[in-house]
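Chain by chain, the residues:
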Amino acid sequence: MRTVAVMLLKTILAVALAAGPVVSTPDIPKAELRDQLAALAADRDITAGLVHVQDGRNQWSDAVGVRDLASKTPAVANGHFRIGSVTKTFAATVVLQLVDERRLALDDPIARHLPGVVPNGETITVRHILQHTSGLHDYMSEPGYSTNRWRGDARFDDYKPMQLLDVAFAHGPDFENPGESWRYSNTNYIVAGLLIEKLTGRPYGEEVARRILRPLNLRHTSVPGNRPFLPVPHARGYEPLPTTPPTIVDATDMDPSLDWAAGEMISTTQDLATFVTALLDGRLTSKESLAEMRRTREADPLFRYGLGLQEFAIPCADGPRPVWGHTGQLIGYVTLAVTDGKGKSLVLSLNPYERDPSTTAVVTIAAAVFCR
């Protein structure tokens, strides 16, 4: 992972949203948020920044920066972007829907449903998989298998889920006893995708569309499979290479099958705001399943992790404000989608430029939204 992903996954948070109608309301600090994003663009931290804020029935979207460095065409608020690990929240939601349908239980051993697929699968449970407490080694930590790093022409290589598991399982577990510790591992959500397919008999992406995208009318959200291109409009994603002077490469197009159910999806800020709001409102799972998703454990000093959900504490003057959602990153794109579960949500898409946006800048954006 690049520095910004580490910072965002370690920070108390940030990121705002984009797409859709612009509604002027004094309850949303639109001038402050626009100024924050414009400062990041002016400092060449980002080439584009998209934000969407929802507060009850009020919502506001905006964009700063450019769609591409060549034409300098202005970025638009309803642009598409790669959401990275926010995909995990979609996958986890489908698994919890299957729990509601009594197709499985969270404390079932994964071997009961995927026999012979996962080493130590008799001990690792569905809960361990969704919560990153399985100990399964992260295949993306291996050279050439991370979509957060420039891979040249290899970024167009196509992968099957079992190939990714073979890379992961060539290594022993990161800790011996499932549940004893926490470590973020994309391998878990490759397993989750296979679990969905085994229980439903359909591709996991079709289940995401059938169970979430269509019911919520998320017309601008997609599961691309091995399609390398983003829908129009979109801001292009760039990556600075460590040369002297630094070389900026266009990393927009890539085959996202290397991420699969761990991070391949594409969306807009308004669609993601609709999704996280609906999830925390209890419109996608039973009350019991949502409570399990929100039952978090210590993961990092600055955030907790549930089942496909991160819990952040936004630092406000009168005390921390909890929000739930997920961060995401693929090369060229950084995303955060969070909600307080009380009608207020923030989605942010940032396209890093010469350096990563600072953690302080992102936290300031989140505080402007949730501390009011």
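Residues numbered from 1 in each chain as written. Predicted model: local features only at pLDDT ≥ 70, side-chain atom pairs only at ≥ 80, totals over all residues. Heavy atoms only, no water.

1. Things to note about the pattern of salt bridges
Pairing between side chains of opposite charge can happen when the charged atoms of each approach one another.
Stage number 1. For the coordinates displayed, the defined rule picks out 18 salt bridges.
Stage number 2. Where R211 meets E207, a salt bridge forms, and the shortest distance between an N and an O atom there is 2.6 Å. With R211 and E207 both in helix α7 (residues 204–213) and four residues apart, the pair spans about one turn of that helix.
Stage number 3. Overall, R211 belongs to the buried group, its relative accessible area being 10%.
Stage number 4. For E207, a relative accessible area of 0% puts it in the buried group.
Stage number 5. Ionic contacts of the salt-bridge type, sharing partners, join the residues E101, R103, R202, E207, R210 and R211 into one network. (Salt bridge = Lys/Arg side-chain N within 4 Å of Asp/Glu carboxyl O. Helix = DSSP H or I, 4+ residues; strand = E, 2+ residues; numbered from the N terminus. Buried < 20%, exposed > 50% of the residue type's maximum accessible area, 1.4 Å probe, protein only.)

2. Section: the UniProt feature "domain: Beta-lactamase-related" (unreviewed entry) in the chain
Stage number 1. UniProt feature "domain: Beta-lactamase-related" (unreviewed entry): in the numbering of this structure it lies at residues 38–342.
Stage number 2. This span, residues 38–342, is 26% helix and 21% strand, and a straight line between its end C-alpha atoms measures 28 Å. (UniProt positions renumbered as here; feature names shortened; annotations may be inferred.)

3. Notes on helix α5 (residues 161–169)
Stage number 1. Residues of α5 that are buried include every one of P161, L164, L165, V167 and A168, and no others. Along the axis of α5, the buried residues cluster in a sector spanning 155°; they form a single face. (Arc of directions from axis to C-beta.)

4. Description of the packing of helix α2 (residues 30–42) against helix α10 (residues 359–370)
Stage number 1. The contact between α2 and α10 brings their axes to 10 Å, and the two run at 170°. Taken as axis vectors, α2 and α10 run roughly antiparallel relative to one another. Of the residues in α10, those in contact with E32, L33, Q36, L37 and L40 of α2 are A361, T364, I365, A368 and V369. (Axes fitted to C-alpha atoms, helices over the stretch in contact; angles between N-to-C directions. Parallel < 35°, antiparallel > 145°, perpendicular 65-115°, else oblique. Contact = heavy atoms within 4.5 Å.)

5. Structural notes on the environment of D340
Stage number 1. Note on placement: D340 falls in the loop between β11 (333–339) and β12 (344–352).
Stage number 2. By relative accessible area, which is 17% here, D340 ends up buried.
Stage number 3. Excluding residues within four positions of it along the chain, D340 makes contact with P322, V323, W324 and F370.
Stage number 4. Within the structure, the side chain of D340 is placed 2.8 Å from the backbone nitrogen of K342, a separation counted as a polar contact.
Stage number 5. In this structure the side chain of D340 is engaged in a polar contact, spanning 3.5 Å, whose partner is the backbone nitrogen of G343. (Polar contact = N/O pair within 3.5 Å; in protein donor to acceptor, adjacent residues only side chain to side chain.)

6. Looking at the nonpolar core
Stage number 1. By size, the foremost hydrophobic cluster in this structure holds 105 residues, and its most contacted members are F90, I110, L130, Y139, I212, F275 and L346.
Stage number 2. If we ignore the near neighbours within four places in the chain, the residues touching F275 are T89, F90, T93, I212, L216, L218 and L284. (Core = buried A, V, L, I, M, F, W, Y, C linked by side-chain atoms within 4.5 Å.)

7. Focus: the sheet that holds strand β9 (residues 310–316)
Stage number 1. Spatial ordering of the open sheet is given by β2-β1-β12-β11-β10-β9-β8-β7, a layout of eight strands whose pairing is antiparallel. Strands with a single pairing partner mark the edges of an open sheet, and in this sheet they are β2 (58–65) and β7 (297–300). Averaged over all adjacent pairs, the angle separating strand axes in this sheet is 25°, with direction ignored.
Stage number 2. Relative to strand β10 (residues 319–330), β9 is paired through seven bridges, and the arrangement is antiparallel. Across the sheet, residue A313 finds its bridge partner in β10, namely P322. (Pairing = 2+ DSSP bridges.)

8. Some points on the side chain of T147
Stage number 1. Tracing the backbone through its elements, the reader meets T147 in the loop between α4 (126–131) and α5.
Stage number 2. Of the polar contacts made by the side chain of T147, one reaches the side chain of D259; its length is 2.7 Å.

9. A closer look at the pairing of strand β1 (residues 46–55)
Stage number 1. With nine of its ten residues buried, β1 lies for the most part within the structure.
Stage number 2. Note that β1 and β12 share nine bridges and pair antiparallel. Note on β12: the bridge partner recorded for V53 is L346.
Stage number 3. Counted between consecutive antiparallel strands, the loop separating β1 from β2 contains two residues, among which G56 sits at a positive phi close to 65°.

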